Amino acid sequence: MDNLKLTVQRQGRLNEKSLKLIEDCGIILTQEGKRKLVSVSRNFPLELLYVRDDDIPQYVFDGVADIGIVGENVVLEKGKDVKIIERLGFAKCRLSLAIPQTEKYTGKDYFQGKRIATAYPRILQKYLMENKIDAEIHEISGSVEIAPGIGLSDSIFDIVSSGSTLVGNRLKEVEVICHSEAVIIVTPHLLKEKKSILDDLLFRIQSVQRSKNNKYILLNAPNDKLDKIVKLLPGMKSPTIIPLYEKGWSSLHSVINENEFWEVINKLKEYGAQGILVTSIEKMII
Ligand code: PRT
Ligand code: ZN
């Protein structure tokens, strides 16, 4: 049977995490394969194609690759008819409008008649049309943040993550247009026989993703507070409770969403929980 073809970024911000995700799924790629244009797994029917991230939507749309891992911003910008089937939670960033720090921002109408430099003309055009802003788009492919400083534009529309690039170029972020993260896209031409390989891969990816968002928690608690603690930590089906040697106490094991942990911890202490241990989970299948 044919391998499922996955295209990933050859070099750059997405490359390492894309490969790590595949590795976390138990899929072994040959070491030297990472430097080639193509590599084949020896324990899963998967083939990797390494390309520039900008080319990924086209490769997937054409069916040269069945699926791809790419930033949502690139998917939106290319406008190809590919479907996002999974959000991966890394390479998070936003696409924003920014203006010189010395300028007074008066709201969206500030951009009427202005020149905006960007590498994302399509996303920007859509935003300007939706907001009835008549501005001039200057498409440039890199170092967008220097455009206002050299007189190429009045403002920029670009990717922002920490915001330090903007500050370093004396710019300020004034409108966030959209958010982005790495996603998996699938071709509209997926062959039936490859669908089951894709389902298997997605099952593995989701187990890995879930395990990243959750922690295994163990604690000791007085028996009369167990009901309250179980409500805070309902776990996957229900927590495991094991009696301690010391009378009146139990050990409780459960799973907790990482984002909820700090909210719950104070309540746990209030209910007399002690010896709280939190550890990571490698795979999580529900
Ligand atoms: O060579 P190739 O074309 O494959 O790669 P590339 O240079 O086009 O892309 P790359 O590797 O830089 O980024 C790949 C993807 O990572 C992007 O498409 C985004 O989806 C995502 N991503 C996440 C980012 C950032 N964070 C990011 N901070 N992409 C770029 N940046 C740049 C941004 O352009 C700006 O210059 O970092 C600067 C802003 O960062 P802060 O932290 O200073 O705000
Ligand atoms: Zn690129």
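About the thresholds
Residues numbered from 1 in each chain as written. Chains lettered and ligands numbered in written order. Predicted model: local features only at pLDDT ≥ 70, side-chain atom pairs only at ≥ 80, totals over all residues. Heavy atoms only, no water. Helix = DSSP H or I, 4+ residues; strand = E, 2+ residues; numbered from the N terminus. Rg over C-alpha atoms; globule rule 2.2 N^0.38 Å. Buried < 20%, exposed > 50% of the residue type's maximum accessible area, 1.4 Å probe, protein only. Contact = heavy atoms within 4.5 Å. Lys, Arg positive; Asp, Glu negative; His and termini not counted. Charge placed at Lys NZ, Arg CZ, Asp CG, Glu CD. Disulfide = S-S within 2.5 Å. Pairing = 2+ DSSP bridges. Axes fitted to C-alpha atoms, helices over the stretch in contact; angles between N-to-C directions. Core = buried A, V, L, I, M, F, W, Y, C linked by side-chain atoms within 4.5 Å. Domains from an automatic or database assignment. Donors = N, O, S within 2.8 Å, 3.2 Å for Na, K, Ca; no water. Tetrahedral: all angles 85-135°; square planar, octahedral: opposite > 155°, others 65-115°. Near = heavy atom within 4 Å. Polar contact = N/O pair within 3.5 Å; in protein donor to acceptor, adjacent residues only side chain to side chain. Areas by Shrake-Rupley, 256 points an atom, 1.4 Å probe, with all protein chains shown as cover. Nonpolar A, V, L, I, M, F, W, Y, C, P; charged D, E, K, R; others polar. Bend = angle between axes of the 7 residues up to and from the residue.

**So, the overall build of the protein**
Moving on, step 1. Across its full length, the protein holds eight helices and 15 strands.
Moving on, step 2. Taken over the C-alpha trace, the protein has a radius of gyration of 24 Å; the compact-globule value for 286 residues is 19 Å, which it surpasses by more than 25%.
Moving on, step 3. Projected onto its principal axes, the C-alpha coordinates of the protein cover approximately 75 × 55 × 35 Å.
Moving on, step 4. Considering the protein as a whole, with its 286 residues, one finds that 44% of them fall into the buried category.
Moving on, step 5. Looking at the protein alone, contacts between residues at least 24 apart form 69% of all its contacts between residues at least 6 apart.
Moving on, step 6. Treating the 40 positive side-chain charges of the protein as one cloud and the 38 negative ones as another, the clouds have centres 4 Å apart.

**Some details on the state of the cysteines**
Moving on, step 1. Taken as a whole and judged by the stated rule, the model has zero disulfides.
Moving on, step 2. This cysteine, Cys-93, is not joined by any disulfide, and Cys-178 carries the nearest cysteine sulfur, 8.4 Å off.

**Some details on the pairing of strand β3 (residues 46-51)**
Moving on, step 1. Taken across its six residues, β3 has six buried, putting it largely inside the fold.
Moving on, step 2. The alternating pattern of β3 places Leu-46, Leu-48 and Tyr-50 on one face and Glu-47, Leu-49 and Val-51 on the opposite face, and all of these are buried.
Moving on, step 3. When strand β1 (residues 4-9) meets β3, the two strands line up parallel, connected through six bridges. If you follow Thr-7 over to β3, its bridge partner there is Leu-49.
Moving on, step 4. Examined bridge by bridge, strand β2 (residues 38-40) and β3 share three bridges and lie antiparallel to one another. Within β3, the position partnered with Ser-39 by the bridge is Leu-48.
Moving on, step 5. With antiparallel pairing between neighbouring strands as the criterion, β2 and β3 make up a hairpin whose turn holds five residues.

**Things to note about the sheet that holds β2**
Moving on, step 1. Taken in spatial order, the six strands line up as β2-β3-β1-β4-β11-β5 in an open sheet, and their pairing is mixed. Bordering the open sheet on either side are β2 and β5 (83-87), each of which pairs with just one other strand. Taken over all neighbouring pairs, the strand axes of this sheet differ in orientation by 25 degrees on average, direction set aside.
Moving on, step 2. Seen against the sheet, helix α6 (residues 192-213) touches β1, β3, β4 (67-71), β5 and β11 (182-186) and runs at an angle of roughly 35 degrees to β5.

**Brief notes about the nonpolar core**
Moving on, step 1. Of all hydrophobic cores here, the largest spans 27 residues; its most connected members are Leu-6, Leu-46, Leu-48, Ile-67, Ile-69, Leu-88 and Leu-201.
Moving on, step 2. Every element with two or more residues in this core is listed here: β1, α1 (15-24), β3, β4, β11 and α6.
Moving on, step 3. The greatest single-element share of this core, amounting to six residues, is contributed by α6.
Moving on, step 4. Aside from chain neighbours lying at most four places away, what touches Leu-88 is Leu-21, Ile-69, Glu-181, Ala-182, Val-183, Ile-184, Ile-205 and Gln-209.

**Concerning the domain arrangement of the protein**
Interfaces are frequently sized by the accessible area removed from exposure as the parts join.
Moving on, step 1. Under the domain assignment, the protein is made up of domain 1 (4-89 + 182-190), domain 2 (93-180) and domain 3 (214-280).
Moving on, step 2. With centres defined by C-alpha atoms, the gap from domain 1 to domain 3 works out at 40 Å.

**Remarks on the coordination of the zinc ion (ligand 2)**
Moving on, step 1. Looking at the zinc ion (ligand 2), the protein donor atoms are Asp-53 (OD) and Asp-54 (OD), and they sit 2.0 to 2.1 Å from it.
Moving on, step 2. Relative to the metal, the four donor atoms surrounding the zinc ion (ligand 2) lie at angles of 76 to 171 degrees, and the coordination shape comes out irregular.

**Notes on the site of ligand 1**
Moving on, step 1. With respect to spatial proximity, 23 residues lie near ligand 1, and among them Asp-54, Asn-73, Ser-162, Gly-163 and Thr-165 are the closest.
Moving on, step 2. Separating an oxygen atom of ligand 1 from a backbone N or O atom of Gly-163 is a distance of 2.7 Å.
Moving on, step 3. One of the side-chain nitrogen or oxygen atoms of Thr-165 is found 2.5 Å away from an oxygen atom of ligand 1.
Moving on, step 4. Protein chains shield 78% of the accessible area of ligand 1, which is 840 Å² for the free molecule.
Moving on, step 5. Of all the elements in the fold, those that place two or more residues in the shell around ligand 1 are α3 (72-78), β9 (155-160) and α5 (164-168).
Moving on, step 6. Class assignment for the residues of the shell around ligand 1 results in six nonpolar, 10 polar and seven charged.
Moving on, step 7. Residues lining the shell around ligand 1 come from more than one domain, with at least three contributed by each of domain 1 (4-89 + 182-190) and domain 2 (93-180).

**A short note on helix α8 (residues 258-270)**
Moving on, step 1. The sharpest bend along α8 reaches about 40 degrees and sits at Val-264.
Moving on, step 2. Buried within α8 are the following residues: Phe-261, Val-264, Ile-265 and Leu-268.
Moving on, step 3. Where α8 is buried, its residues contact β12 (214-222), α7 (226-232), β14 (249-257) and β15 (274-280).
Moving on, step 4. One side-chain oxygen of the residue at the start of α8 lies 2.9 Å from the amide nitrogen of Asn-259, identifying that residue as Asn-257.

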